[in-house]
Amino acid sequence: MNITLKVWRQKNSQSQGNLMEYKLNDISPDMSFLEMFDVLNEDLQKRGEEPVAFDHDCREGICGMCSMFINGRPHGPQGYTTTCQLHMRVFNDGDTIYVEPWRARAFPVLKDLVVDRSSFDRIVQAGGYISVNTGSARDANEIPIPKEVQEESMDAAACIACGACVAACKNASAMLFVAAQVSKFAVLPQGQPERQLRAERMVAQMDAEGFGACSFTGACSVECPKSISLDHIARLNREYLGAKLTSNNV
Ligand code: FES
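Reading the values: the criteria
Residues numbered from 1 in each chain as written. Predicted model: local features only at pLDDT ≥ 70, side-chain atom pairs only at ≥ 80, totals over all residues. Heavy atoms only, no water. Phe/Tyr/Trp six-rings, centres within 6.5 Å; stacked < 30°, edge-to-face > 60°. Helix = DSSP H or I, 4+ residues; strand = E, 2+ residues; numbered from the N terminus. Buried < 20%, exposed > 50% of the residue type's maximum accessible area, 1.4 Å probe, protein only. Salt bridge = Lys/Arg side-chain N within 4 Å of Asp/Glu carboxyl O. Core = buried A, V, L, I, M, F, W, Y, C linked by side-chain atoms within 4.5 Å. Domains from an automatic or database assignment. Contact = heavy atoms within 4.5 Å. Axes fitted to C-alpha atoms, helices over the stretch in contact; angles between N-to-C directions. Parallel < 35°, antiparallel > 145°, perpendicular 65-115°, else oblique. Left-handed = near helix turned anticlockwise from the far one by under 90°. Nonpolar A, V, L, I, M, F, W, Y, C, P; charged D, E, K, R; others polar. Pairing = 2+ DSSP bridges. Expected span 1.5 Å × (residues − 1). Arc of directions from axis to C-beta.

Asks: Quick question: what am I supposed to make of the packing of aromatic side chains here?
Replies: Two measures describe an aromatic ring pair: the distance that separates the ring centres and the angle between the ring planes. Taken as a whole and assessed by the stated rule, the structure comprises 8 aromatic pairs. Ring geometry for F37 against F54: centres 5.5 Å apart, planes inclined by 65°, an arrangement best described as edge-to-face. Note that F37 is positioned in helix 1 (residues 33-46) and F54 in the loop between helix 1 and strand 3 (69-70), a separation of 17 residues in sequence. Like F54, F37 is buried. Seen in terms of ring centroids, F69 and W102 are 6.4 Å apart; in terms of plane orientation they differ by 90°. Their pairing is edge-to-face. Within this pair, whereas F69 is found in strand 3, its partner W102 is found in the loop between strand 5 (96-100) and strand 6 (109-111), the two being separated by 33 residues in sequence.

Asks: Looking at this structure, how should I read the pattern of salt bridges?
Replies: Close approach of charged atoms allows side chains of opposite charge to pair. Inspection of every chain in the model, using the stated rule, returns 16 salt bridges. D112 is paired through a salt bridge with R9; the nearest N and O atoms lie 3.1 Å apart. Here D112 is found in the loop between strand 6 and strand 7 (114-115), whereas its partner R9 is found in strand 1 (residues 3-9), with 103 residues between them in sequence. By the burial criterion, D112 is buried, and R9 matches it. Here the salt bridges do not stand alone but share partners, grouping K6, E21 and K23 into one network.

Asks: Can you help me understand the nonpolar core in this one?
Replies: Inside soluble globular proteins, nonpolar side chains tend to come together where they are buried. Core analysis: the biggest nonpolar cluster contains 35 residues, and V166 and F211 have the highest contact counts within it. Every element with two or more residues in this core is listed here: helix 2 (118-127), helix 4 (164-168), helix 5 (175-186), helix 6 (195-208) and helix 8 (231-246). Among the elements that take part in this core, helix 5 stands out by supplying 7 residues, more than any other. In this structure, this core is formed jointly by two domains, domain 1 (3-110) and domain 2 (117-246), each of which donates at least three residues. With sequence-adjacent residues up to four places away left out, F211 is seen in contact with A106, F107, S119, F120, I123, V166, A172, S173, A174 and M206. Judged by nonpolar contacts, the second largest core, of 27 residues, contains Y22, L24, C66 and F91.

Asks: Would you mind showing me how to read the packing of helix 2 against helix 6 here?
Replies: Angle between the axes and distance between the axes: these two values describe a pair of packed helices. Helix 6 packs onto helix 2 with a crossing angle of 155° between their chain directions and a minimal axis gap of 8 Å. In terms of axis orientation, helix 2 runs roughly antiparallel to helix 6. Crossing of helix 2 against helix 6: the hand is right-handed. Where helix 2 abuts helix 6, its residues R122, I123, V124, A126 and G127 lie against R198, R201, M202, Q205 and M206. Residue composition of the contact of helix 2 with helix 6, grouped by class: 5 nonpolar, 2 polar and 3 charged.

Asks: Looking at this structure, I do not really get unusual backbone geometry. What am I missing?
Replies: Glycine aside, negative phi is the norm for most residues, and most peptide bonds take the trans geometry. With phi around 55°, Y80 is a residue other than glycine that occupies positive phi space. Following the sequence through the fold, Y80 ends up in the loop between strand 4 (73-74) and strand 5. On the accessibility criterion, Y80 (59% relative accessible area) is exposed. Even without glycine at this site, F216 takes up a positive phi of about 55°. Mapping F216 onto the fold places it in the loop between helix 6 and helix 7 (219-223).

Asks: Would you explain the sheet that holds strand 2 (residues 18-24) in this entry?
Replies: Each strand in a sheet pairs with another by means of backbone hydrogen bonds, the pair being arranged parallel or else antiparallel. The 5 strands are arranged 2-1-5-3-4 in an open sheet whose pairing can be described as mixed. Because the sheet does not close on itself, it has two edges, and the strands there are strand 2 and strand 4. Where strand 1 meets strand 5, 4 bridges bridge the pair, whose relative direction is parallel. Across the sheet, residue L5 finds its bridge partner in strand 5, namely I97. Across the sheet, helix 1 is in contact with strand 1, strand 2, strand 3 and strand 5; its angle to strand 2 comes to roughly 90°.

Asks: How should helix 8 be read in this particular structure?
Replies: Owing to its 3.6 residues per turn, the α-helix aligns residues three or four sequence positions apart on the same side. Taking 1.5 Å as the rise per residue, helix 8 with 16 residues should run 22 Å; its terminal C-alpha atoms sit 23 Å apart, in good agreement. Here helix 8 has its buried residues at H232, I233, R235, L236, E239 and A243. Down the axis of helix 8, the buried side of the element spans an arc of 155°, and every buried residue falls inside it. Opposite the buried face of helix 8, at more than 90 degrees from it, the exposed residues are D231, R238, L241 and L245. Buried positions along helix 8 lie against helix 3 (147-157), helix 5, helix 6 and helix 7.

All we've got here are geometric facts, nothing functional implied.
If you want it as structure tokens, here you go:
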């Protein structure tokens, strides 16, 4: 297939960017979107031009690195799919495809399609953990947890921190991400010790990083490649309110 790419090129975080046009011929429909970008970069290097900088790591839908805004949607047109798992067959021969970085104040563009998502790391550092007093290994079945509770926690833990929720949100809110981090512990017995502090500290850090407020539009959940549910935002709101009513933390 033959395609035209309009790709956001930006030298560094200080410079202004713009869309550059590239034409690619004989692209296999079975290529992944990132493999198509590999072909583009090989072409650019052969011509002595700077390759397009983009993030990727696992290329298996696990790590959350492949943040591309494709034709106006995070990770492109196919639901529940990361950019690395998107294949060229979802596009048509002759298509023009627009590729941009995530757009959010808390995710500044570093170069081309690469954004700085360390704000997510700082949110997790603020409370996305449980403290465990180490000692001898405990029996895995010592604290029985009902299957439905395990699954609720695992559904939240499926978040790969890619940032698509922020990119999809008109307010650039990180509520779905924070809600997933809070939820995965809040429903488990192991997550109870720092439960109040966790919600308060992570929300405070989210605000400090410059993410917007949640207006419950739901685009985050629709565009999430791991289909993290809005129910977790409801739980975060309950956790946060409960923490504020009963503690003097933060
Ligand atoms: S490169 Fe790891 S999720 Fe896409």
